[in-house]
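What follows is the residue order along each chain.
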Amino acid sequence: MSSTPEDRSRTPAGRTRALEVRTRGPRVVVIGAGIVGCSLADELTARGWTDVTVLEQGPLPAPGGSTSHAPGLVFQTSPSKTLTRFARYTVEKFRSLDVDGVSCFDQVGGLELATTPERLADLHRRAGYAASWGVRGEVVNTARCRELWPLLDESAVLGGFHTPDDGLARALLAARAQMDRATARGARFLDRHTVTGIEREDGRVTGVVTDRGTFPADHVVSAAGFWGPVIGRMAGVDVPLQPLAHQYARTRPLPELSGATQEAVRPILRLQDRDLYFREHTDRIGIGSYAHRPLPVDPLAVPAYDEARARDMEMPSSFPFTAEDWEPSWEDCRRLLPALRGVEIESGFNGVFSFTPDGMPVLGEAQQLRGFWLAEAVWVTHSAGVAKAVAEWMVDGRPAIDVHECDLARFEEAQRSPSYVRERGSQQFVEVYDVLHPLQPMDRPRPLRVSPFYARQQELGAYFLEGTGWERPHWYEANAPLVDALGDLPARDAWSARYWSPVAAAEAKATRERVALYDMTPLRRLEVTGPGALTFLDRMTSNNLRKKPGAVTYTLLLDETGGIRSDLTVARLGPDRFQVGANSPADLDRLLRHAPADVRIHDITSGTCCIGVWGPLARALVQPLAGDDFSHEGFGYFRVKQTYIGHVPVTAMRLSYVGELGWELYTTADLGLRLWDTLWEAGRDLGVLAAGRSAFNSLRLEKGYRAWGVDMTDEHNPFEAGLGFAVRMDKEEFVGQEALRRLPAPARRLTPLLLDDPAAVVLGKEPVFVGGTPAGYVTSASYGYTLGRCVAYAWLPAGLATGTGVHIEYFGEKVPATVAEEPLFDPEMTRIRH
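Here the structure, examined in full by the defined rule, presents 32 aromatic pairs. Aromatic pair Tyr637 and Phe638: ring centres 4.9 Å apart, planes at 85°, arrangement edge-to-face. We classify Tyr637 as buried; its relative accessible area is 15%. With a centroid separation of 5.6 Å and 10° between ring planes, the pair formed by Tyr657 and Tyr705 is classed as stacked. Highlighted residues: Tyr657 in the loop between strand S34 (648-653) and strand S35 (662-668) and Tyr705 in the loop between helix H20 (693-703) and helix H21 (737-741), separated in sequence by 48 residues. Three or more aromatic residues link up through ring pairs in this structure, and these residues are Tyr248, Tyr277, Tyr290, Phe349, Phe353, Phe355, Trp379, Phe429 and Tyr433. We note Arg270 situated over the ring of Phe75; from NZ or CZ to the ring centre the distance is 3.9 Å. Positioned above the aromatic ring of Phe825 is the side chain of Arg512, whose terminal nitrogen or guanidinium carbon lies 3.8 Å from the ring centre.

Here's what the structure looks like:
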């Protein structure tokens with residue numbers, strides 16, 4: 001007879017194991033002893049999880065992965081707040097580490113150069129990111145660039161972005177330092193152990209099989225770098241990562257650097273206009289290039305350490321140098337640094353490292369195999385910060401900072417195919433140093449996901465952008481004739497005019513005055529059913545869901561600390577049947593992890609579609625087509641009905657994300673085109689038009705509606721985010737309730753701003769200055785065509801009174817703005833509730 005865990009705990013062996021778990025934590029096996037694996041072992045053991053085994057197929061301390069050849073450049077500033085915070089922690093930690101008196105970080109600073117006006121403008125934008133995320137940096141003139149790097153040909157340089165706290169990580173040394181610390185706390189590091197399998201039982205990981213034995217485990221972390229997909233395949237988990245080779249070369253000694261005794265004294269250098277970076281190696285210069293063609297590598301074909309040496313490769317991650325790819329870059333190097341004209345390349349290699357479809361790391365626990373974690377596609381720059389976040393996630397249940405951009409669960413099924421990962425990963429390599437607009441979509445593979453209305457949208461001249469694989473109309477050229485009636489719109493600068501059209505203003509105006517159709521199909525839809533559905537959803541979310549069928553509720557999915565994991569719209573279609581409007585695959589993952597046996601959850605997004613019908617004439621459009629009463633008395637706000645529009649069965653929800661009367665109409669994908677055509681034909685006499693995401697974003701910001709993942713994340717609680725109305729503290733227990741009870745008064749708030757100049761615009765992530773000091777950053781921004789001003793929401797100190805003047809830094813210019821009172825439009829809600 002098999003024993004239960006409780007039975008086993010009563011045996012001597014069971015009592016011993018239980019004591020070990022209490023004193024040392026669960027058994028953790030980390031696969032990979034590169035910088036991420038070593039950092040993670042250090043972070044886990046520092047938190048009391050000391051039963052940690054790190055397995056490495058190569059020899060320690062230089063096992064031959066990407067860490068072993070990494071040039072170590074750490075530039076902290078990124079458009080991503082999360083990546084910047086990872087990098088800041090990495091710098092902070094590595095500065096505190098040394099091995100035999102040698103520091104693991106050289107804080108020589110960083111210098112990014114501009115050789116074109118476009119790049120110089122982008123450096124001002126990067127300086128804005130730095131101010132938003134708390135990194136020291138400033139845009140400097142040509143003379144200062146030459147002062148920082150005397151070897152520069154200053155005639156080629158227009159300016160630079162200097163970050164004094166950036167520098168060089170000694171990756172192998174940092175790995176060794178953290179290995180020593182983790183070992184002192186009880187971890188063990190075993191080299192020459194090749195993983196051959198992952199053991200599992202009942203959906204949980206139970207151990208790791210190697211060529212030298214099996215290691216039981218409660219948690220397994222794949223920190224295998226570009227071998228991540230290989231480990232993932234053993235576990236039955238997709239790892240959406242594409243390894244690519246990247247060129248790095250060292251020159252022969254330069255006479256100008258003769259006598260140098262330190263490894264590096266000048267800032268790490270970037271010439272992004274030519275996809276190059278530079279660092280000193282005492283009297284030599286190291287140069288990395290992204291200028292060459294993508295060189296994808298099959299992770300299944302990368303040789304093991306000994307096999308690589310047998311092939312005359314220095315290590316598995318170091319492929320032969322392809323001189324033909326290097327030649328154009330070498331000429332660019334010599335133009336920037338004339339001293340290089342007198343020397344040749346001494347050595348070079350094509351180093352392999354990892355890219356993902358969106359350029360972000362892949363972190364988190366796999367849904368299909370509990371206890372199996374990923375810490376993949378992580379560069380040295382972010383390594384310690386990632387390790388800290390993953391350790392917190394494992395030990396405490398959540399990272400201390402928002403990591404939704406890195407969550408393994410963020411990828412849609414359509415984004416996981418090998419072809420997609422390869423194509424998008426390769427494009428990320430090409431664009432790594434490009435000046436990218438925040439709305440700029442990938443070019444390929446498109447179209448991938450389209451709504452049933454796609455053919456009609458094409459006929460109307462839709463300008464499509466892309467998100468999570470979906471083609472999303474941002475405006476329709478068929479509406480261009482309406483622009484003439486708008487009068488003079490404020491001129492836009494070249495940057496904010498990208499991926500924008502004045503047609504959006506016409507579509508916003510038509511929505512406010514008549515009626516418009518919005519394709520809402522890409523928004524995620526879940527069906528939750530079963531006898532326990534109501535109790536489950538009510539416990540998982542913050543608002544009161546114990547309402548009769550026909551009710552719709554806006555509510556929040558919180559974590560145990562009260563942070564906002566997502567915002568949801570929950571429609572009760574029947575006693576045990578709900579439709580949930582969610583944000584990302586991570587919401588489904590969260591709900592599935594907590595769902596009891598009597599609850600079933602299905603993602604119905606791909607099999608359904610949605611049209612938002614909004615505007616003062618929305619009722620005049622839908623009522624003649626409907627089989628039910630759509631009057632205000634017969635169909636109140638935040639109510640749902642299952643009815644018909646013409647011949648099409650629909651689930652109609654009276655909701656509005658644009659601040660106007662209207663409904664969201666859902667039907668199955670096969671009937672979607674018929675629904676669109678029915679509404680379109682019936683609306684001709686009302687002046688109906690199709691409107692895109694650009695107008696949508698403007699209208700929702702005028703109304704103050706938040707967008708999860710942009711305006712708020714799990715770093716924020718409902719009260720500071722202005723969402724306290726979606727929390728019922730007096731209802732029965734819900735996740736996060738106790739944490740909310742203990743919260744102090746908010747120190748910050750999501751604050752609406754109106755730019756003072758009617759012609760000024762910002763786009764998001766810009767720093768906000770109060771009294772001349774950086775005090776916060778913009779989340780969402782869009783021109784409010786109804787208000788005649790740009791609307792920006794920003795995280796700012798609580799207590800700023802309405803009317804307080806602030807400044808938003810946009811490309812180095814301080815743009816005046818004023819704290820406003822929300823909602824900015826229709827505060828009485830009369831346009832929605834009639």
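As a rule of thumb, nonpolar side chains are buried together in soluble globular proteins. Membership of the largest hydrophobic core comes to 50 residues, with the highest contact counts inside it found for Phe86, Phe94, Phe189 and Leu363. Looking at this core, the elements that each hand over two or more residues are strand S1 (28-31), helix H3 (35-46), strand S2 (52-55), helix H5 (81-95), helix H8 (171-184), strand S23 (372-376) and helix H12 (383-396). In terms of residues, this core owes the most to one element, H12, which gives eight residues. Discounting chain neighbours no more than four positions away, the residues touching Phe86 are Leu363, Thr381, His382, Gly385, Val386, Ala389, Ile401, Val403 and Cys406.

Attention now goes to the sheet that holds strand S38 (residues 767-770). What the six strands build is a closed barrel, ordered S37-S40-S39-S38-S41-S42; its pairing is antiparallel. Averaged over all adjacent pairs, the angle separating strand axes in this sheet is 40°, with direction ignored. As paired elements, strand S41 (residues 805-810) and strand S42 (residues 813-819) share six bridges and run antiparallel to each other. Bridge assignment links Gly805 to a residue of S42, and that residue is Thr818. Packing against the sheet, H20 makes contact with strand S39 (773-784) and strand S40 (789-797), and its axis sits at approximately 125° to S39.

As a further point, take the pattern of salt bridges. Inspection of every chain in the model, using the stated rule, returns 61 salt bridges. Between Arg119 and Asp122 there is a salt bridge whose closest N-O contact spans 3.9 Å. Residue Arg119 and its partner Asp122 are both found in helix H6 (residues 117-133); the two are separated by three residues, about one turn of the helix. Taken as a pair, Arg119 and Asp122 share a single burial class, namely buried. Between Arg279 and Glu263 there is a salt bridge, with its nearest N and O atoms 2.6 Å apart. Remark: Glu263 occurs in the loop between strand S16 (242-251) and strand S17 (268-271) and Arg279 occurs in strand S18 (residues 276-281); sequence separation between them is 16 residues. Residue Glu263 is classed as partly exposed on the basis of its relative accessible area of 30%. Members of the salt-bridge network, linked through shared partners, are Asp42, Glu43, Arg47, Lys93, Arg181, Arg185, Lys388 and Glu392.

Conventions used here
- Residues numbered from 1 in each chain as written.
- Predicted model: local features only at pLDDT ≥ 70, side-chain atom pairs only at ≥ 80, totals over all residues.
- Heavy atoms only, no water.
- Phe/Tyr/Trp six-rings, centres within 6.5 Å; stacked < 30°, edge-to-face > 60°.
- Buried < 20%, exposed > 50% of the residue type's maximum accessible area, 1.4 Å probe, protein only.
- Helix = DSSP H or I, 4+ residues; strand = E, 2+ residues; numbered from the N terminus.
- Lys NZ or Arg CZ within 6 Å of the ring centre and 35° of its normal.
- Core = buried A, V, L, I, M, F, W, Y, C linked by side-chain atoms within 4.5 Å.
- Contact = heavy atoms within 4.5 Å.
- Pairing = 2+ DSSP bridges.
- Axes fitted to C-alpha atoms, helices over the stretch in contact; angles between N-to-C directions.
- Salt bridge = Lys/Arg side-chain N within 4 Å of Asp/Glu carboxyl O.

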